[in-house]
Amino acid sequence: ERVTDFEVSVSETDGVVSMSLAGELDLATAGRLESELRRVEGGGPPVLIIDLRQLRFIDSTGLRLIIGADARAREGGRRMAIVPGPESVHKVFELALLDKRLEFIEDPSTLEGT
């Protein structure tokens, strides 16, 4: 089994939880992101930022996880924002027309400590 290079790091500032994804998010690594998302969501943070700047690759499995997290945030009255990744990663969101449905922000520090 090929273990792809994927890391999730989580930090919290003033109730804003930031998840930084690095490497490749695909079928092989999606389970790790899902368990981290569930753990973080369990704390009910008012704002969740998913930072894709270090992500090299995302497939439909990864997209579905992010859409699911966004739906759960909306249902719970919480906010989820995404810092866009490199062009190749962001293109996947554009092709799926998710750049219109999800909230993308350029600078995560604008949400922290407001």
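That block above? That's the structure.
On a predicted model such as this, the values are computed, not experimentally measured, just so you know.

About the cut-offs
Residues numbered from 1 in each chain as written. Predicted model: local features only at pLDDT ≥ 70, side-chain atom pairs only at ≥ 80, totals over all residues. Heavy atoms only, no water. Helix = DSSP H or I, 4+ residues; strand = E, 2+ residues; numbered from the N terminus. Rg over C-alpha atoms; globule rule 2.2 N^0.38 Å. Buried < 20%, exposed > 50% of the residue type's maximum accessible area, 1.4 Å probe, protein only. Areas by Shrake-Rupley, 256 points an atom, 1.4 Å probe, with all protein chains shown as cover. Lys, Arg positive; Asp, Glu negative; His and termini not counted. Charge placed at Lys NZ, Arg CZ, Asp CG, Glu CD. Pairing = 2+ DSSP bridges. Right-handed = clockwise from strand over helix to strand, strands pointing away. Axes fitted to C-alpha atoms, helices over the stretch in contact; angles between N-to-C directions. Parallel < 35°, antiparallel > 145°, perpendicular 65-115°, else oblique. Contact = heavy atoms within 4.5 Å. Nonpolar A, V, L, I, M, F, W, Y, C, P; charged D, E, K, R; others polar. Core = buried A, V, L, I, M, F, W, Y, C linked by side-chain atoms within 4.5 Å.

Caption draft 1: Summary view of the overall build of the protein. Helix and strand counts for the protein stand at 4 helices and 4 strands. Listing each helix as α and each strand as β along the protein from the N terminus yields β-β-α-β-α-β-α-α. A compact globule built from 114 residues would reach a C-alpha radius of gyration of about 13 Å, and the protein, at 13 Å, matches this within 12%. Going through the 114 residues of the protein one by one, you find that 45% of them count as buried. Of the accessible surface of the protein, which amounts to about 6200 Å², a share of 50% is contributed by carbon and sulfur atoms. The protein carries 14 positive and 21 negative side-chain charges, and their two centres are separated by 4 Å.

Caption draft 2: Geometry of the pairing of strand β3 (residues 47-58). Bridge analysis of strand β2 (residues 16-25) against β3 gives 9 bridges, and the strand direction is parallel. Paired with Met 19 across the bridge in β3 is Ile 50. With respect to chirality, the unit in which β2 leads through helix α1 (residues 30-42) into the neighbouring parallel β3 is right-handed. In the classification by handedness, the crossover that spans β3, the intervening helix α2 (residues 60-75) and the parallel strand β4 (residues 79-83) is right-handed.

Caption draft 3: Layout of the packing of α1 against α2. Between α1 and α2, the shortest axis-to-axis distance is 10 Å and the interhelical angle comes to 10°. Between α1 and α2, the crossing angle belongs to the class labelled roughly parallel. Across the interface between the two elements, Ala 30, Leu 33, Glu 34, Leu 37, Arg 38 and Glu 41 of α1 pack against Thr 61, Leu 65, Ala 69 and Arg 72 of α2. Looking at side-chain class alone, the contact of α1 with α2 contains 5 nonpolar, 1 polar and 4 charged residues.

Caption draft 4: Main features of the environment of Ala 69. Here Ala 69 lies in helix α2. Under the relative-accessibility criterion, Ala 69 is labelled buried at 1%. Taking the C-alpha atoms as reference points, Ala 69 and Leu 52, separated by 17 residues in sequence, lie 15 Å from one another. Leave out the neighbours within four places in its chain, and Ala 69 touches Leu 37, Glu 41 and Met 80.

Caption draft 5: View of the nonpolar core. Grouped together as the largest cluster of nonpolar side chains are 25 residues, with contacts concentrated most on Leu 52 and Phe 93. For this core, the secondary-structure elements that each account for two or more residues are β2, α1, β3, α2, β4 and α3 (87-95). Not counting residues up to four positions away in its chain, the partners in contact with Phe 93 are Leu 52, Ile 58, Leu 63, Ile 66, Leu 98, Asp 99, Leu 102 and Phe 104. Counting residues in each nonpolar core, the second largest holds 7 residues, with Val 16, Ile 49, Ala 81 and Leu 111 among its members.

None of the figures reported here should be taken as evidence of function without further support.
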